[in-house]
Amino acid sequence: MHDSARTATFRITGSREGFAEARAFTHRMLNRWEVAQCADDAVTVVTELAANAVLHAGPDVPGGADVRLRLTLRRAHLVCAVSDQCDTPPVYPTPGESLLEHGRGLHIVEALSAHWGWTRRAPLGKTVWAMLPTRAQA
């Protein structure tokens, strides 16, 4: 593999079909990049990040959220990034909220990724990202 990153993007609609298409896109890209060993974790992370974006950004935007998935393959990591137009930072639930119906997504993302975080986008929005190792951990 070259030192340069490989990147692929996909627009996610806030529907059951849109989430299924995002999962299929993720599988397809990871197979193409020959890193299918991290596909299950990547699909789970993509699903959680996309669901959060649609759930929290969608109501703020007329016509629904414009949610974008970007997969970037680096030397030892896959970066799964989901962008939306909502400026509100992601909310990481506190331990006392473990029995809530919602709010487990970022815990799942944290458990499956080496690192995760978020950045503001100009002029509007944010990107929530997670880095997954592409090589087996010793």
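Scroll up a little and you will see the structure.
Along every chain, residues carry numbers that run from 1 in the direction the sequence is written. Predicted model: local features are reported for residues with pLDDT of at least 70 only, side-chain atom pairs are reported and counted for 80 or more only, and whole-chain, interface and lining totals are derived from all residues. Only hydrogens and water are removed before side-chain values are computed, so all heavy atoms of the structure are retained for them.

K.L.:
Just checking my understanding: could you explain the overall build of the protein for this structure?
P.N.:
Within the protein one finds three helices and five strands. Reading the secondary structure of the protein in the N-to-C direction produces β-α-α-β-β-α-β-β. Working definition: with a 1.4 Å probe on protein chains only, accessible area under 20% of the residue-type maximum means buried, over 50% means exposed, and in between means partly exposed. With 138 residues in all, the protein has 38% of them scored as buried. Residue pairs at least 24 apart in sequence account for 62% of intrachain contacts in the protein once pairs closer than 6 positions are excluded. Summed over its atoms, the accessible surface of the protein is roughly 8,100 Å², and 53% of this surface lies on carbon and sulfur atoms. Every helix listed is a DSSP run of H or I at least four residues long, and every strand listed is a run of E at least two residues long, numbered separately from the N terminus. In what follows, residue pairs with any heavy atoms lying within 4.5 Å of each other are defined as contacts. Accessible areas in this description were obtained via Shrake-Rupley with a 1.4 Å probe; residue shielding takes into account the shown protein chains only.

K.L.:
Whenever I open this one, the environment of threonine 47 confuses me. Can you help?
P.N.:
Here threonine 47 shows up in helix α2 (residues 39-57). Assessed through its relative accessible area of 23%, threonine 47 is described here as partly exposed. Along the primary structure threonine 47 and threonine 26 are separated by 21 residues, whereas in three dimensions their C-alpha atoms are 10.0 Å apart.

K.L.:
Would you explain the packing of aromatic side chains in this entry?
P.N.:
Classification of ring pairs uses Phe, Tyr and Trp, with its six-membered ring standing for Trp, and accepts pairs whose centres are within 6.5 Å; under 30 degrees between planes counts as stacked, over 60 as edge-to-face, and the remaining range as tilted. According to the stated counting rule, one finds one aromatic pair in the structure shown. Ring geometry for phenylalanine 10 against phenylalanine 25: centres 4.9 Å apart, planes inclined by 25 degrees, an arrangement best described as stacked. Note that phenylalanine 10 is positioned in strand β1 (residues 6-12) and phenylalanine 25 in helix α1 (residues 16-32), a separation of 15 residues in sequence. Note on accessibility: phenylalanine 10 and phenylalanine 25 belong to one class, buried.

K.L.:
Even after reading the chapter, I still don't get the sheet that holds strand β4 (residues 115-120), so can you show me in this structure?
P.N.:
Pairing between two strands requires that DSSP report at least two bridges joining them. Taken in spatial order, the five strands make up an open sheet running β1-β2-β3-β5-β4, and their pairing is antiparallel. The sheet is open, and its two borders are formed by β1 and β4, each paired with just one other strand. Neighbour to neighbour, the strand axes of the sheet diverge by 15 degrees on average, direction disregarded. To define axes, lines are fitted to C-alpha atoms, for helices over the stretch in contact only, and angles between the resulting N-to-C directions are given on a 0 to 180 degree scale. Contacts from α1 reach β1, β2 (67-73) and β3 (77-84), with the element oriented near 170 degrees to β1. Relative to the sheet, α2 contacts β1, β2, β3 and β5 (126-133), its axis offset from that of β3 by approximately 15 degrees.

K.L.:
Even after reading the chapter, I still don't get the side chain of lysine 126, so can you show me in this structure?
P.N.:
Among the secondary structure elements, lysine 126 is positioned in strand β5. Among the polar contacts made by the side chain of lysine 126, one reaches the main-chain carbonyl oxygen of cysteine 86 at a distance of 3.2 Å. Beyond its immediate sequence surroundings of up to four residues, lysine 126 is in contact with Val82, Ser83, Asp84, Cys86, Thr88, Pro89, Pro90, Trp118, Thr119, Arg120 and Arg121. Polar contacts, as counted here, are pairs of nitrogen or oxygen atoms within 3.5 Å of one another; within protein the pair requires one atom able to donate a hydrogen and one able to accept it, and residues that are adjacent in sequence qualify only if both atoms are side-chain atoms.

K.L.:
Explanation requested: the side chain of threonine 26 in the structure shown.
P.N.:
Looking at the secondary structure, you find threonine 26 in helix α1. A residue is classified by how much of its surface remains accessible, and threonine 26, at 0% relative accessible area, is buried. A polar contact of 2.9 Å, which involves the side chain of threonine 26, links it to the backbone oxygen of alanine 22. Once residues within four sequence positions are removed from consideration, threonine 26 is found in contact with Ala42, Val43, Val46, Leu69 and Leu71.

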